[in-house]
Every structure is written in C-alpha cells, then in structure tokens.
Amino acid sequence: ASAQHNFGIIGGVNFSSTNIKEFNRGTMTQYHAGLTYRAKLPFGFSIQPSLLYQVKGAKTISEGVDSNTNVGYLEMPVSFQWGPDLILFRPFLDVTPFVGYGLNNQYWSQAAGQVNNAWGGLSRWEYGVGVGVGLDIWKFQVIARYNWNLEELSKDASLSHIAQTFKGGKNFNGVSLSLAILF
C-alpha cells in the first residue's frame, strides 16, 4: 500500500510571459518550490496535489520603456495524470487545474523605478489550468507543462503601476519544468 501513495518535494523553473498584445514582451525565468503528494489509482491514473510557492513574471517594453513585473503566489495545483506503468518508468499525460493567492509582488521600470508589494488595483487571487507530459523513473518525476492563467490580474488600473500595465484582462502564462523527488 505504501507504493501507491507518495509524499515528496517538488521544484523547478517557470518561463512566463504576459498576454499583453500592445507591448513588446519577453519571457521571464522564475522558479517554484514546494511539497507534493501522489496517489496512484487503477488503470494508470493518479492524482497529485501540491502546495507551491510559485513566482511568475513578465518583461514588457512600451514606448521605449523597459519594465519587469514579478508576483509570488502560494499556489495549489492538482495534477490529474494518466499513463501506463512500464515497470522501469511511467510516461504520462497531465491536466492540472490550479488556484493561488498572491503573497508579494515587485515592479521595476526605467520610468518609475522599483516598487514592492503595491497591491492597489491588483487581484491577489489567480486560477487556471495547465496541460503537459511527464515521466516517472524510480523515485523521480519530471513534468513539462504549459499553464494558462485565467484570472484578470488588474482590477482597477488607476491605482498602481502594475495594475496599469496589466489592465484589460492581462495576466501571466507560460511553461513550467518541474522535478519531484517522491518518498
């Protein structure tokens, strides 16, 4: 029975950007780390909730002014996996809805300088879904996933620099690569 359930640690990198169409935008490399629990189910299925500290961000250029935005979330993704157990390894498909709460943020631009934890006009809540592939090898698990954040980041663009940048339903999307060690 112990082989059917595993606790573990998980961490990795995020390559996130924003869906802002009117700005030149770039990918920002950030990180995530936390705890995970996997329960194996019949017919190759498993469910794997995690509790992560996840940093997402974006680089933007508007009218020649560079800016960087980072938001750190306490996030709970729940991974639904399916894949055949091939004895030495298990490849799987992954669908992962998630919800998160913003703990901190940082905004830097050439025009405004650096601003930390300015939540005026920003939603702290986020939710979305990720789709990816993974591989279990012994006690290790590797997952590559594309994440769509569906929550609007800016609620009132008049209140902060970050809110002005992300007005009109803009948020963070991107690829995450994770490595888990399961005990």
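The structure under discussion appears in the preceding block.
Quick notes on the rules
Residues numbered from 1 in each chain as written. Predicted model: local features only at pLDDT ≥ 70, side-chain atom pairs only at ≥ 80, totals over all residues. Heavy atoms only, no water. Helix = DSSP H or I, 4+ residues; strand = E, 2+ residues; numbered from the N terminus. Buried < 20%, exposed > 50% of the residue type's maximum accessible area, 1.4 Å probe, protein only. Contact = heavy atoms within 4.5 Å. 1 Å grid on protein atoms, 1.4 Å probe; cavity = no way out; pocket = protein on both sides within 12 Å on 5 of 7 lines; lining within 4 Å. Points joined across faces, edges and corners; volume = space filled by probe spheres on them. Salt bridge = Lys/Arg side-chain N within 4 Å of Asp/Glu carboxyl O. Phe/Tyr/Trp six-rings, centres within 6.5 Å; stacked < 30°, edge-to-face > 60°.

### Topic: the overall build of the protein
Along its length, the protein carries one helix and 10 strands. Starting at the N terminus and ending at the C terminus, the protein contains elements arranged as β-β-β-β-β-β-β-β-β-α-β.

### Quick notes on the environment of Val 78
Locating Val 78 in the fold gives a position in strand E5 (residues 65–82). For Val 78, a relative accessible area of 18% corresponds to the buried category. Setting aside its immediate chain neighbours within four residues, Val 78 contacts Ile 47, Gln 48, Pro 49, Val 95, Thr 96 and Pro 97.

### As for the side chain of Arg 38
Looking at the secondary structure, you find Arg 38 in strand E3 (residues 28–40). Not counting residues within four places of it along the chain, the set of residues in contact with Arg 38 comprises Gln 4, His 5, Asn 6, Ser 46, Ile 47, Gln 48, Gln 81, Arg 90, Asp 136, Gln 141 and Leu 182.

### A short note on empty space enclosed by the protein
Following the criterion strictly, the structure yields three cavities of 30 Å³ or more and no others. In this model, the largest cavity occupies a volume close to 160 Å³. In this structure, the largest cavity is lined by 19 residues; those nearest its centre are Ile 10, Leu 52, Pro 77, Arg 145 and Ser 178. Secondary-structure elements contributing two or more residues to the lining of the largest cavity are strand E1 (5–18), E3, strand E4 (45–62), E5, strand E6 (89–109), strand E9 (140–149) and strand E10 (172–182).

### Remarks on the pattern of salt bridges
Summed over the entire model, instances satisfying the criterion amount to five salt bridges. Residue Arg 38 is joined to Asp 136 by a salt bridge in which the shortest nitrogen-to-oxygen separation is 2.7 Å. Residue Arg 38 is found in strand E3, and its partner Asp 136 is found in strand E8 (residues 125–137); the two are separated by 98 residues along the sequence. The pair Arg 38 / Asp 136 is uniform in exposure class, with both members buried. A network of salt bridges, in which partner residues are shared, links Arg 38, Arg 90 and Asp 136.

### Looking at the packing of aromatic side chains
Scanning the entire structure with this criterion turns up five aromatic pairs. Taking 4.8 Å as the distance between ring centres and 50 degrees as the angle between the ring planes, the aromatic pair formed by Phe 7 and Tyr 37 counts as tilted. Here Tyr 37 lies in strand E3 and Phe 7 lies in strand E1, a separation of 30 residues in the sequence. Given a relative accessible area of 26%, Tyr 37 falls into the partly exposed group.

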